[in-house]
Amino acid sequence: MSVLVLVLSVSAACCLGFGFVLQQNAASHAPLSDFLSPRLLLDLIRVPRWLGGIGLMACGMILGAVALGKGEISLVEPLLATNLLFALALSRHQTKQPLGRQGWAGLLLLAGGVSAFIVAGQPEGGNAVSDPVRHWLIIGIMVGLALLLTTYAKRSLRSSTPVLLSLAAGLLYGVQDALTRISGQRFGEGGWSELITGWQPYGVLVLGVTGLVLVQSAFETAPLRMSLPALTAAQPLAGILCGVGFLGDRLRTDAGALAWEAAGLAAVVVGIVLLGLHPAMPRGTSKAKPTLDLQPR
């Protein structure tokens, strides 16, 4: 594994984790009438704390894009999932809560799971699949599932709404990462003219804005512990699927390696849930808690 890719990915995770905490702190005070509406972004853009969180998120996405340009998405995505460690670190600073058994267990599972997946899978690049049908099939499944989750979340308006919205956003961000890698490759091959003539950079923009609305709506309606774990777990899984599915990433496929890869991903998900539910994570305001009281607009 390239040390540069490791440093870029972990730095991106740090920026993303800190940015998510600042965004949730601001979004929890936004009016519920803006739920799942672009108006939410217009309201939040006037809040300095939210702008700081978005700035950190943008830095994280840029660092992540550079990492994706130099390494396989199946390698970068698990490392980006460690953003929850940095989110917890900032939250602990705010709440003064100790890690305790739950925090240490989540930390070890997340770090150990990422290490196990990378060591067992040994991700390496290969030839991207040229068949556009396969591209659109995998992307369509991810985007379609995100649409179903968002539709159900909007109609049900239950306590599971922020989790469903975060899962949807994570799926979109995973696809966005895959398209970011393709855009970087196009730019490297032919410069700006090659980049702007493809649909991928515009897909990155649309997915990014859509995912941002979903994430801020989840942050608005519930504590961070109900939204960030789902977002952090869904994004790498979707990104790895795209990487292996059509970007040409290769993982070891012998029985032992597959078992360790599956165990590593399972440990990552469990670690994310434990850290996300840690008492140090912000609870949000009393206004943001009653998701059952939301009404369709």
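The structure under discussion appears in the preceding block.
Since we're looking at a predicted model, the values are computed, not measured.

Peer 1: Whenever I open this one, the overall build of the protein chain confuses me. Can you help?
Peer 2: Across its full length, the protein chain holds 11 helices and zero strands. Walking the protein chain from its N terminus toward its C terminus, one meets helices and strands in the order α-α-α-α-α-α-α-α-α-α-α. Taking 2.2 N^0.38 as the reference for a compact globule, 297 residues should give roughly 19 Å; the C-alpha atoms of the protein chain span a radius of gyration of 18 Å, in line with that estimate. Along the longest, intermediate and shortest principal axes, the C-alpha atoms of the protein chain span 50 × 45 × 30 Å. With 297 residues in all, the protein chain has 52% of them scored as buried. Across the protein chain, the fraction of contacts at a sequence separation of at least 24, relative to all contacts at a separation of at least 6, is 87%. Summed over its atoms, the accessible surface of the protein chain is roughly 13200 Å², and 68% of this surface lies on carbon and sulfur atoms. Between the centroid of the 20 positive side chains of the protein chain and the centroid of its 14 negative side chains there is a distance of 13 Å.

Peer 1: Is there a simple way to think about the pattern of salt bridges in this case?
Peer 2: Any two side chains of opposite charge can pair, so long as their charged atoms come close to each other. In this structure the tally under the stated criterion is five salt bridges. Where arginine 46 meets aspartate 43, a salt bridge forms, and the shortest distance between an N and an O atom there is 2.8 Å. With relative accessibility at 63%, the residue arginine 46 sits in the exposed group. Glutamate 194 serves as the salt-bridge partner of arginine 186, at 3.5 Å between the closest nitrogen and oxygen.

Peer 1: Please explain helix α1 (residues 3-27) as it appears in this structure.
Peer 2: Each turn of an α-helix holds 3.6 residues, which means side chains three or four residues apart point in the same direction. Between its first and last C-alpha, α1 extends 36 Å over 25 residues, near the 36 Å set by a 1.5 Å rise per residue. Sitting at the amino-terminal end of α1 is serine 2, which places a side-chain oxygen 3.2 Å from the backbone nitrogen of leucine 4.

Peer 1: I keep staring at the packing of α1 against helix α4 (residues 73-80) and nothing clicks. Help me out?
Peer 2: Packed helices, taken two at a time, are described by the angle their axes make and the gap between the axes. Their axes nearest at 8 Å, the elements α1 and α4 cross at an angle of 40 degrees. As summarised for this structure, α1 and α4 are arranged oblique, according to the angle between their axes. Remark: the crossing between α1 and α4 carries right-handed chirality. Across the interface between the two elements, Val5, Leu6, Ser9, Ala12 and Ala13 from α1 touch Leu75, Val76, Leu79 and Leu80 from α4. Partitioned by chemical class, the residues of the contact of α1 with α4 number eight nonpolar, one polar and no charged.

Peer 1: Would you explain the side chain of glutamine 235 in this entry?
Peer 2: Structurally, glutamine 235 can be placed in helix α10 (residues 224-246). Glutamine 235 gets classed as buried once you look at its relative accessible area, which sits at 14%. Residues contacting glutamine 235, with those up to four places away along its chain left out, are Glu77, Gly170, Tyr173, Gly174 and Asp177.

Rules used throughout
- Residues numbered from 1 in each chain as written.
- Predicted model: local features only at pLDDT ≥ 70, side-chain atom pairs only at ≥ 80, totals over all residues.
- Heavy atoms only, no water.
- Helix = DSSP H or I, 4+ residues; strand = E, 2+ residues; numbered from the N terminus.
- Rg over C-alpha atoms; globule rule 2.2 N^0.38 Å.
- Buried < 20%, exposed > 50% of the residue type's maximum accessible area, 1.4 Å probe, protein only.
- Contact = heavy atoms within 4.5 Å.
- Areas by Shrake-Rupley, 256 points an atom, 1.4 Å probe, with all protein chains shown as cover.
- Lys, Arg positive; Asp, Glu negative; His and termini not counted.
- Charge placed at Lys NZ, Arg CZ, Asp CG, Glu CD.
- Salt bridge = Lys/Arg side-chain N within 4 Å of Asp/Glu carboxyl O.
- Expected span 1.5 Å × (residues − 1).
- Polar contact = N/O pair within 3.5 Å; in protein donor to acceptor, adjacent residues only side chain to side chain.
- Axes fitted to C-alpha atoms, helices over the stretch in contact; angles between N-to-C directions.
- Parallel < 35°, antiparallel > 145°, perpendicular 65-115°, else oblique.
- Left-handed = near helix turned anticlockwise from the far one by under 90°.
- Nonpolar A, V, L, I, M, F, W, Y, C, P; charged D, E, K, R; others polar.

Shape descriptors only; they carry no functional weight alone.
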